[in-house]
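Each chain, letter by letter, is given below.
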Amino acid sequence: MKIASWNINSVRARPALVERLIVEQQPDILCLQETKVVDGIFPTEMFDRHGYKHRQLNGQRMHHGVAILSRVPLADPGKHDWQDNGEARHIGARLECGIRIENVYVPAGGDTPDRHLNPKFGQKLDFIERMTRWSEGLREPTIIVGDFNVAPLECDVWSHKALINVVSHTPVEVEALGRLQQAHDWIDIGRRFVPPPERLFTWWSYRSPDWTKNDRGRRLDHMWASPTLAGHLKAHAVLEPCRNWERPSDHVPLICEIDV
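Structure report, in brief. Along each chain, numbering runs from 1 in the same order as the chain's sequence is written. Residue-level local features of this predicted model are given only where pLDDT is at least 70; pairs of side-chain atoms are given and counted only at 80 or more, and the full residue set underlies all totals for whole chains, interfaces and linings. Values reported for side chains reflect all heavy atoms of the structure, with hydrogen atoms and water molecules removed beforehand.

## What about the overall build of the protein chain?
Reasoning step 1: In this text, helices come from DSSP runs of H or I with a minimum length of four residues, and strands from runs of E with a minimum of two, each type numbered from the N-terminal end. A count of helical and extended segments in the protein chain gives seven helices and 14 strands.
Reasoning step 2: Taking 260 residues into account, the globule formula puts the C-alpha radius of gyration at 18 Å, and the protein chain, at 17 Å, falls close to it.
Reasoning step 3: On the principal axes, the C-alpha backbone points of the protein chain span a range of 45 × 45 × 35 Å.
Reasoning step 4: The buried label goes to any residue with under 20% of its type's maximum accessible area, the exposed label to any with over 50%, and the partly exposed label to all in between, with areas taken from a 1.4 Å probe on protein chains only. Put simply, the protein chain has 260 residues, and 54% of those count as buried.
Reasoning step 5: For the area figures, the Shrake-Rupley method with a 1.4 Å probe applies, and any residue is considered shielded solely by the protein chains shown. Within the structure as shown, the protein chain displays about 11400 Å² of accessible surface, and the carbon and sulfur contribution to it stands at 49%. As a reference, a globule follows 2.2 Å times the number of residues to the power 0.38, and the radius of gyration itself is taken over C-alpha atoms.

Here it is as structure tokens:
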């Protein structure tokens, strides 16, 4: 089974990019973040044409939003309000093989890494803490994917020295994500197949006039698996060329393959 994950930064603004990904990669399951559309007007027609008859949506107008589009049946859908304010940032479902797919969009956290000066940063840390408590109680094999908005390793950013006090790579965020990973002994699929310190970025800012020239990337997008799935993981890829597609997202898709 091939699972893709992509922060698309508006699914209605980039349908051609999503369709190109589908045609070229043929994922069985596609998880999207930052869809920026309410469920009632989600663009289902294109997905139906390509066989994605099963879907779970958690949308929101103009902001946030997550979706699971699948060629295989989805059951037992669930939404967690880890933001604790009703924002559409999570959707999950169970596959017939018994594996759960969880799709999450962690808040970016604003610009100042101080919860007292910047409430958005505190919300981000609290969001990850709620995910950690949830992870502690997991009893079924799970794959969680999405935009975690944290680059945990020094080699997950273009310059650890330059970004250590920049939101997404600060020690407090890295420590919070580490506790989340330890809570379920999650396997970081990306780093299982591309071990550190090898370069592995998934996001490049729109502010860069030529992202390929300065390559100031960060690994903000992740795929994690329950430890019981370790022997089933077959491949992982970051589709970096997608950042050069016309009117791209600032994130690129991730794909993992798992033997079910």
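## Comments concerning the packing of aromatic side chains
Reasoning step 1: Aromatic pairs are defined between Phe, Tyr and Trp rings, using the six-membered ring for Trp, whenever the two ring centres lie within 6.5 Å; interplanar angles under 30 degrees are classed as stacked, those over 60 as edge-to-face, and all others as tilted. Counted by the stated rule, this structure contains 10 aromatic pairs.
Reasoning step 2: An angle of 25 degrees between the planes, with centres 6.2 Å apart, marks the rings of tryptophan 134 and tryptophan 186 as stacked. Of this pair, tryptophan 134 sits in helix α3 (residues 119-136) while tryptophan 186 sits in the loop between α5 (171-184) and β9 (187-188), and the two are 52 residues apart along the sequence.
Reasoning step 3: Accessibility expressed as a relative area gives 15% for tryptophan 134, which makes it buried.
Reasoning step 4: What makes tryptophan 186 buried here is its relative accessible area of 4%.
Reasoning step 5: Pairing phenylalanine 148 with tryptophan 224 gives two aromatic rings, centres 5.0 Å apart and planes at 85 degrees, and the pair type is edge-to-face.

## Description of the pattern of salt bridges
Reasoning step 1: Here, a salt bridge means any side-chain nitrogen of Lys or Arg that lies within 4 Å of a carboxyl oxygen of Asp or Glu. Under the counting rule described, the total for this entry stands at 18 salt bridges.
Reasoning step 2: Residue glutamate 102 is joined to arginine 100 by a salt bridge in which the shortest nitrogen-to-oxygen separation is 2.7 Å.
Reasoning step 3: Residue classification places glutamate 102 among the buried residues on the basis of a relative accessible area of 3%.
Reasoning step 4: Residue classification places arginine 100 among the buried positions, given a relative accessible area of 9%.
Reasoning step 5: Among the ionic pairs, aspartate 156 bridges to arginine 191, the shortest N-O distance being 2.7 Å. Of this pair, aspartate 156 sits in the loop between β8 (142-147) and α4 (160-163) while arginine 191 is found in helix α6 (residues 189-193), placing the two residues 35 residues apart along the sequence. The residues aspartate 156 and arginine 191 share a single accessibility class, namely buried.

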